[in-house]
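# Close look at the chain arrangement
Each chain, letter by letter, is given below.
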Amino acid sequence: MHPTHKNFSIRTYLYITVTLMGILGLLLALATGNIYREVTLNNNQQIITNLVNRQLTQLSDSLAEEMRELATSLISENEFSHKTKSNNKNVIQDLLTKQFQRQFSDEGQIKLTGIAIYSVDFSQIQNVIKDDKAPERNIACKKLLTEATTRTGIHKTKTYFTYCNYKNSPYFALLTPIGGLRPYAFLYLESDPSPVFPPLRNSIGLPIQIMTDNNKLMYESDEWEESHTNQNTISFDYALTQETDSPKLQINVANNNKSLNMKLEKTRNAVMLIALLVTLITALIITWIIQKTVVTPIRTLSDQLKSLKIDRKQLGKRVSVSGNSEVNILASEFNSMTVELSEAYSELEIFAKKEKNSNDAKSAFLANMTHEIRTPLTAIIGFSKVLQSGNPSPEKLKKSTNIIVKNSEHLLQIINDILDLSKIEENMLEISKNEISLYQLLQDVNNIIAQSILDKKLSFVIHYTYPLPKFITTDEIRLKQILINLLANAKKFTDKGHVYLYASYTTESNTVNFCVEDTGIGLSSSQQKTIFNAFTQADSSTTKKFGGTGLGLSISRILSQKLGHEENGELVVKSELGHGSQFSFSIDPGEKNNLTLCSDLNSFIVEDELEYDFDNQLQVSGNILLVEDTIDNQELIGTILKDVGASVSYANNGQEALDLCQEEVFDLILMDMQMPIMGGLEAVTTLRSRDYNGAIVMLTANAFEKEKQACISAGCDNFLMKPLDINALFDNIEKYLTPLDVSLTSRSIVSTISPEKNTTLDDSIIVSTIITKNGKFKNLVEIFAQKLPDFIRHISEALDKNDIEQLTQHVHQLKGVGGNYGFIMITDVCIIIEDKIHEKEYGDIPPCIDELQSIYAKIIAGLDHPSESSNNIKPK
Amino acid sequence: MQFINKQILFNLFLFSTLVLSSSLSASEGKKEMPTTVSGVETITSDQLATMLIENDDLIVIDARIKKGRSKGFIESSTHLADVDTNCDTLAKVIPNKQRAVVFYCTSSKCGRSLNSVSIALKCDYKKIYWFRDGFNVWKSSGYPFKK
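Report on the accompanying structure. (Residues numbered from 1 in each chain as written. Chains lettered and ligands numbered in written order. Predicted model: local features only at pLDDT ≥ 70, side-chain atom pairs only at ≥ 80, totals over all residues.)

The helix and strand inventory of chain B stands at 6 helices and 5 strands. Along chain B, helices (α) and strands (β) appear in the sequence α-β-α-β-α-β-α-β-α-β-α when read from the amino end. Looking at chain B residue by residue over its 147 residues, the buried ones come to 32%. Taking contacts inside chain B between residues at least 6 apart in sequence as the whole, the part at least 24 apart equals 70%. (Helix = DSSP H or I, 4+ residues; strand = E, 2+ residues; numbered from the N terminus. Buried ≥ 20, exposed ≤ 12 C-beta atoms within 10 Å, placed from the backbone. Contact = placed C-beta atoms within 7 Å.)

What follows is the structure, given as structure tokens:
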């Protein structure tokens, strides 16, 4: 419950309810008790009234009976009968007086107040009236006499009686015939009813008072005075006869029943107490039940929620529930919710942890990358600035450009690695297998890496263990990538000793096995566990000391898995710290039955297809549109294109290309993919929609398959990867332009794209890099070497004649040819000479010519030392 | 006409019998006095009083035992309890069989008068009256009595 709310808790409501119920119960009990009391009292009054009425009627009846008995007995006496018949008034008077006195003096029920005898016609014969209350009265009950005179026939023989009033005091009167059924006179008797009342007190058991109509006391029981009060007196009238004008008695009864009242009070109190107790107990039971079934579970739930707020470990902790009440359903829902929440929470925690780990790794990687990219860039920018400023010496120039080139290559390698890694991460690394010569592949690897290993004064040997398959089906580029990476690592971490590459074939598992062995710094066992993880090298200090992206082994491992059989494609390491390492992996060479196994070198060697077509002097005629937004690239590619004889037009973006194409049709359009204003894809699509039929080749830096597909579907004839592979470029030029047959000398290619360093172990000799690649070019190099003095002489002569045109032409020729024959230093010097010509510092040229002479001497020396110039392949 | 009268009487008889039987069955065996007896005229207190006044030769027989009679009796009545009643005792009270004779007891529930009436019928008395209501009604009607 929110503390600011003014709502009460359920418990408070319950207490209020219980209290209200108690009060209600008390009031109900009070009302019930009072009603009960009233009803009982009324009932009691009614009972008393009925009782008194009945008693009075009985007494009245018994009075009438007694009076009649008296009359009958009087008449039956012989003396009476005799004397009444005598008609002697005095005699009768005496008789009556005697009778009256006798009866009156009796202390019985009858208190005779009058006696008389009437003649049949009711002319009074004689009477005796002795009445204290009305001594002067001499007339009997008029009502009775009137009634009697009106009777006829047999009715005259009947005895009649009634109550009459005299001055509002009732009295009983009776008239009976004398002489049986043949009456000759009537006897009249009167009596006071008062003496019949005393038994009433005993028969009803209550003090009683009887009054006449005019409040004249007729009877009062002994205890009346002290017991009657206004409150407890029951008063009612009693009619003495059935007639309407009947005399009436006023009856007062003192309902002084203390015990009854006490009983009633007790009963009322008991009823109230019981009602109160029942209400309270019921309320308490209800409270207890609600407390148990509602309040406590809700409290438990809310406590659980509170503890959740404090400690999230409480998530998933169940509250025990049983039964099917609403609260239990709530609790069970709470339980399932908390369980689900805890599961979701733990999933989230795992996810967050993963995310953090991956983020940490990425951050570390990025930090590393930044460092790695910045290092070569710093060198490139620094040495570029050196070149920009002043007049660098040839040595300085050479050193600077070498450093720039080396660093650029390193940078490219880093970017390629990152690209590969991103492909791997996106699961987009594609393996395209072709049948290739294993020998050729190893030669290529040798050509690429051998010189740099030899440069470190290490021995490098490729060991063949026969039999070996002549041709294998695998992804050449990826396999090379692995081997070069491993060899580069081996070179990097080895200062003295050797780097060996072993190749063998296992028939049982049908695998070609490679092992790169070095005598370098080695790896500790803990380092061996982590080196394959992306972004990590053996330790962070390694990075600082040796450089590298830390991606190579990780990528190599994945590639080897892709190239190998599923079960044995793993790249494994064996190493001892300080003694060197062995990295081994096995690949699937393709269907076992299709393999040609060679048992010696002769059968194993496959002649080079001469991909490196330095002597394939391509010359074409035709026009090419180069669509490229960077001026440097325009110049570079444009130069190459011009060199092969094509006429080149330039466009800075797709839109410019479209404009040019409206005026002219080109033999070939080289279209960069990413450009401002209009990109390559859009331009191609538009051109094709305009029915432009010329060949279009897309230049793209994106190596992804989907990019290639996009190029083709846009209408491109082909595509080339950036940075441009010059041979691939030539292939395309040859395909779409008209080739010409030209002589060797007219061909010059600026080898800026893939400069190669001439490698020797001895500074005194120079060996052509093309001989390093393939020994069969030795003769061609020798022919070139013989021509070289003529080149130098022509330059020297032109300089002497001050024929700048001639000079420029010769230097340019030598620049291209020298590089093509594997002597990059010749090209380097020619470039310097060209610069001097350009800057008209002709005086600086003779030292360059001397340098050329010196180079020539070293080349000749290199040719004379075949052992130095042969390749490093030493068949086992 | 005579036939029709007979028929009506017969019907009345049947009706009264039915009423009697139904009332008998309704009272579940409590013995109710029949209201009439064949060959006997049932009379009220007023009829009896009139007959007494008009006919001095009327014989009234009190069929109660002594204890009942001590509470009062109709003047001129002869005491002959039903238990003592037979043709001989009747013959002593009633001079001949043509004399009108009235039987009564305490009330319509006492049964003694009915017993005596039955005996009188058997003894072949011709003018039998049955004062079924008995002494109590007589007294409460206000008629004179003796004690």
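Once you've had a look at it, read on.
As a further point, take the interface of chain B and chain A. Tallying the contact residues gives 13 residues for chain B and 12 residues for chain A. The residue makeup of the side of chain B that touches chain A, split by class, is 6 nonpolar, 3 polar and 4 charged. (Nonpolar A, V, L, I, M, F, W, Y, C, P; charged D, E, K, R; others polar.)

What follows is about helix 10 (residues 438-455) of chain A. Residue and element names in this part refer to chain A. Counted at 1.5 Å a residue, the expected span for helix 10 with its 18 residues is 26 Å, and the 26 Å between its end C-alpha atoms agrees. The sharpest bend along helix 10 comes to roughly 40°, located at Ile-449. Looking only at helix 10, the buried set comprises Leu-438, Tyr-439, Leu-442, Gln-443, Asp-444, Val-445, Asn-446, Ile-449, Ala-450, Gln-451 and Ile-453. (Expected span 1.5 Å × (residues − 1). Bend = angle between axes of the 7 residues up to and from the residue.)

All names here are of chain A. Between helix 17 (residues 654-663) and helix 18 (residues 680-689), the least distance of the axes is 9 Å, while the angle of their chain directions is 25°. Accordingly, the angle class assigned to the pair helix 17 and helix 18 is roughly parallel. The element helix 17 and its partner helix 18 pack so that their crossing is right-handed. Along the contact surface, helix 17 presents Gly-654, Ala-657, Leu-658 and Cys-661, while helix 18 presents Gly-680, Glu-682, Ala-683, Thr-686 and Leu-687. The class makeup of the residues in the contact of helix 17 with helix 18 is 5 nonpolar, 3 polar and 1 charged. (Axes fitted to C-alpha atoms, helices over the stretch in contact; angles between N-to-C directions. Parallel < 35°, antiparallel > 145°, perpendicular 65-115°, else oblique. Left-handed = near helix turned anticlockwise from the far one by under 90°.)

Right, let's get into the sheet that holds strand 14 (residues 498-506) of chain A. All names here are of chain A. A sheet is described by the order of its strands in space; here 5 strands give the open sequence 11-14-15-17-16, paired in mixed fashion. The sheet is open, and its two edges are formed by strand 11 (459-464) and strand 16 (572-576), each paired on a single side. Averaged over all pairs of adjacent strands, the angle between their axes in this sheet comes to 15°, without regard to strand direction. Taken together, the 6 bridges between strand 11 and strand 14 define a ladder with parallel strand orientation. By the bridge assignment, Ile-462 is partnered in strand 14 with Leu-501. (Pairing = 2+ DSSP bridges.)

This part takes up the pairing of strand 4 (residues 169-178) of chain A. Within a regular strand, side chains alternate between the sheet's two faces. Residue and element names in this part refer to chain A. Strand 4 sits mainly inside the fold: 9 of its 10 residues count as buried. With 7 bridges connecting them, strand 3 (residues 160-166) and strand 4 associate as antiparallel partners. Along strand 4, the bridge assignment pairs Tyr-163 with Phe-172. Summarising the sheet, strand 4 and strand 5 (residues 185-192) pair through 7 bridges and their orientation is antiparallel. Each bridged residue has a counterpart across the sheet, and for Ala-173 the counterpart in strand 5 is Glu-190. Between the end of strand 4 and the start of strand 5, which pair antiparallel, lie 6 residues, with Gly-179 showing a positive phi angle near 110°.

The next point concerns the packing of helix 10 of chain A against helix 11 (residues 476-492) of chain A. Residues and elements named next belong to chain A. Viewed as axis vectors pointing N to C, helix 10 and helix 11 meet at an angle of 25°, and their least axial separation amounts to 10 Å. Our classification of the angle between helix 10 and helix 11 gives roughly parallel. The handedness of the crossing between helix 10 and helix 11 comes out as right-handed. Where helix 10 approaches helix 11, its residues Leu-441, Asp-444, Val-445, Ile-448, Ile-449, Ser-452 and Ile-453 are matched on the opposing element by Glu-476, Leu-479, Lys-480, Leu-483, Ile-484, Leu-487, Ala-488 and Lys-491.

What follows covers the environment of Ser-621 of chain A. Residue and element names in this part refer to chain A. Relative to the elements of secondary structure, Ser-621 occurs in strand 19 (residues 618-621). Residue classification places Ser-621 among the partly exposed positions, given that 13 C-beta atoms sit within 10 Å. Spatially, the C-alpha atoms of Ser-621 and Gly-645 are 5.8 Å apart, while their sequence positions differ by 24 residues.

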